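Topology and contacts: notes
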Amino acid sequence: MSDEVYTRLRDFLDNMPGCFPATESGVELKILKKLFTPEQAEITMNLTPMPEPVAQIAPRLGMGEEEAGEKLEQLAKEGSILRVRAGDVAHYAAISFVVGIYEFHLGTIDRELAEYMEEYFPHIAKAWESVGTKQLRVVPVETSLQDDKKVGIYSQIRELIKDKELIAVSPCICTKEKKLVDEPCSRPEERCIQFDMAAQYFMENGLARQITRDELMEILKMGEEKALVLSPGNSKEIMNICLCCGCCCGFMGVLKTFDRPADHCGSAYQAKIDPDACVLCGTCEERCQIEAISEGGESYEVDEARCIGCGLCVPTCNDEAISMVERAEPPSIPEDPIDMNIKIAQERGLM
């Protein structure tokens, strides 16, 4: 099979905000061959990042609306393009590989794709290091923030989700990938949250189940108990929350590769340990997902360059030796996912 169409598709996806860099091994082309037929690759490259109805797309494909609609819907069902609905009318758009195509293949990922992704993720991480605006950020778990502190509303998980009506939960594709390569996670697999348009897509594709607000709060409580980092989409208006572990999740894996994860996490806080109150129990080090806490001479210590401000170390410190402190420079948070993608594209020199 010729690589030409897949090379063009790779370049097309690399010009999306999420990036899809070339590698010497060509593993990215193996991924594309597994997920797209040559015809599907050509169709995808005729889409834009803004959702459009079939009537607008069909002429670019040289097809009638019925044929184009069937082929676009098949791509959407497979997880290779985005589908949104305006009333009863489906609109379709091209999406980034991560976050996007990869996560949308939750239902079909197998060992071969998992192995390809294990090889490819370090290349994605390297491409992301120079981009200031990330697709995800970190907010502290609720119980880590003192009641008497003035906490910014976009650092409060309850504020981010208070107006959400359509809510869904799905298994985490990162943990599923690790399980396929014989590195299973001990934490619950069903822990990725979607809202609104993203929830509708995941549910229509059979990847997620709808949940109530009470069920959502129980999942967030479970995440805190199991030491999972709250990683919502990097905007004030969110469409997803990933509950991330350091052993499986791609976002944590990317952050770990950086010399200073604290500069890339989008958090407004970081942890601080009072050496006089610390009793060297080590619970904080065990719960840290980013390897930012280590034993010092007389107490445990936080590496400020690595701390991502998740707050997981705070609620289980029985001696109240750990607190969350605001960073000197609060992060700049995009307004919504569109604003986020525009900022990323500008930083990558795509606009």
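Higher on the page you've got the structure.
Presented here is a report on the structure given in the accompanying data block. Note that the structure is a prediction, hence the values are computed from the model and not measured.

A separate point is the overall build of the protein chain. Per the secondary structure count, the protein chain includes 14 helices and 12 strands. Here the C-alpha radius of gyration of the protein chain, 21 Å, is about what a compact globule of 351 residues would show, namely 20 Å. In terms of overall dimensions, the protein chain has a C-alpha envelope of 70 × 45 × 40 Å along the principal axes. Buried residues in the protein chain amount to 54% of all 351 residues. For the protein chain, long-range pairs separated by at least 24 residues make up 70% of all intrachain contacts whose partners lie at least 6 apart in sequence.

Bringing empty space enclosed by the protein into the picture now. Inspection of every chain in the model, using the stated rule, returns two cavities of 30 Å³ or more. The calculated volume of the largest cavity comes to roughly 110 Å³. If you trace the largest cavity, you find 16 residues lining it, with Cys278, Cys281, Cys284, Cys317 and Ile322 closest to the centre. For the lining of the largest cavity, the per-class residue count stands at 12 nonpolar, three polar and one charged. Put simply, the second largest cavity is a space of about 100 Å³. Considering the residues around the second largest cavity, the lining is formed by 14 residues, among which Cys288, Ile293, Cys307, Cys310 and Cys313 are closest to the centre. Considering only residue class, the lining of the second largest cavity consists of 12 nonpolar, two polar and no charged.

Turning our eyes to something else, we now look at the packing of helix 2 (residues 27–35) against helix 7 (residues 111–128). Where helix 2 meets helix 7, the closest approach of the two axes is 9 Å, and the angle between their N-to-C directions is 150°. Compared by their axis directions, helix 2 and helix 7 come out roughly antiparallel. For the pair helix 2 and helix 7, the sense of crossing is left-handed. Here helix 2 contributes Val27, Glu28, Lys30, Ile31, Lys34 and Leu35 to the contact with helix 7, which in turn contributes Glu112, Leu113, Tyr116, Met117, Glu119 and Tyr120.

With that settled, consider a nonpolar patch on the surface. Taken together, the side chains of Met50, Ile338, Ile342, Leu350 and Met351 define a hydrophobic patch exposed on the protein surface, amounting to about 470 Å² of accessible area. Relative to the helices and strands, methionine 50 is located in the loop between helix 3 (38–44) and strand 1 (52–53).

Residue valine 98 is joined to valine 99 through a cis peptide bond whose omega torsion reads -10°. Looking at the secondary structure, you find valine 99 in helix 6 (residues 97–104). Here leucine 280, not a glycine, exhibits a phi torsion of approximately 60°, which is positive. With respect to the helices and strands, the residue leucine 280 is situated in the loop between strand 9 (269–273) and helix 13 (283–287).

A few words now on helix 9 (residues 173–180). Of the positions making up helix 9, those classed as buried are Ile173, Cys174, Thr175, Glu177 and Lys178. If you follow the buried residues of helix 9, they end up packed against helix 6, helix 7, strand 4 (167–171), strand 5 (190–195) and helix 12 (250–257). Phi turns positive, to about 65°, at aspartate 182, one or two residues after helix 9.

Two residues of an α-helix separated by three or four positions point the same way, owing to the 3.6 residues in each turn. For helix 2, the full list of buried residues reads Val27, Glu28, Leu29, Ile31, Leu32 and Leu35. Here the buried face of helix 2 lies against helix 1 (4–14), helix 3, helix 5 (65–78), helix 6 and helix 7.

Let us now look at the layout of surface pockets. By volume, the second largest pocket is sized at about 460 Å³. For the second largest pocket, the lining is made up of 24 residues, of which Ala262, Asp263, Gly266, Glu329 and Pro331 are closest to its centre. In terms of residue class, the lining of the second largest pocket is made up of seven nonpolar, eight polar and nine charged.

Before going further, it helps to spend a moment on the sheet that holds strand 3 (residues 89–93). Spatial ordering of the open sheet is given by 1-3-2, a layout of three strands whose pairing is antiparallel. Only two strands of the sheet have a single neighbouring strand rather than two, namely strand 1 and strand 2 (82–86). For strand 2 and strand 3, the ladder comprises five bridges, and the chain directions are antiparallel. Directly across from leucine 82, in strand 3, lies its bridge partner alanine 93. Sheet strands in contact with helix 5 are strand 2 and strand 3, and its direction is about 65° off that of strand 3.

The rules behind these values
Residues numbered from 1 in each chain as written. Predicted model: local features only at pLDDT ≥ 70, side-chain atom pairs only at ≥ 80, totals over all residues. Heavy atoms only, no water. Helix = DSSP H or I, 4+ residues; strand = E, 2+ residues; numbered from the N terminus. Rg over C-alpha atoms; globule rule 2.2 N^0.38 Å. Buried < 20%, exposed > 50% of the residue type's maximum accessible area, 1.4 Å probe, protein only. Contact = heavy atoms within 4.5 Å. 1 Å grid on protein atoms, 1.4 Å probe; cavity = no way out; pocket = protein on both sides within 12 Å on 5 of 7 lines; lining within 4 Å. Points joined across faces, edges and corners; volume = space filled by probe spheres on them. Nonpolar A, V, L, I, M, F, W, Y, C, P; charged D, E, K, R; others polar. Axes fitted to C-alpha atoms, helices over the stretch in contact; angles between N-to-C directions. Parallel < 35°, antiparallel > 145°, perpendicular 65-115°, else oblique. Left-handed = near helix turned anticlockwise from the far one by under 90°. Patch = residues over 30% accessible without salt bridge, like charges linked within 9 Å, V, L, I, M, F, W, Y side chains within 5 Å. Areas by Shrake-Rupley, 256 points an atom, 1.4 Å probe, with all protein chains shown as cover. Salt bridge = Lys/Arg side-chain N within 4 Å of Asp/Glu carboxyl O. Pairing = 2+ DSSP bridges.

None of the figures reported here should be taken as evidence of function without further support.
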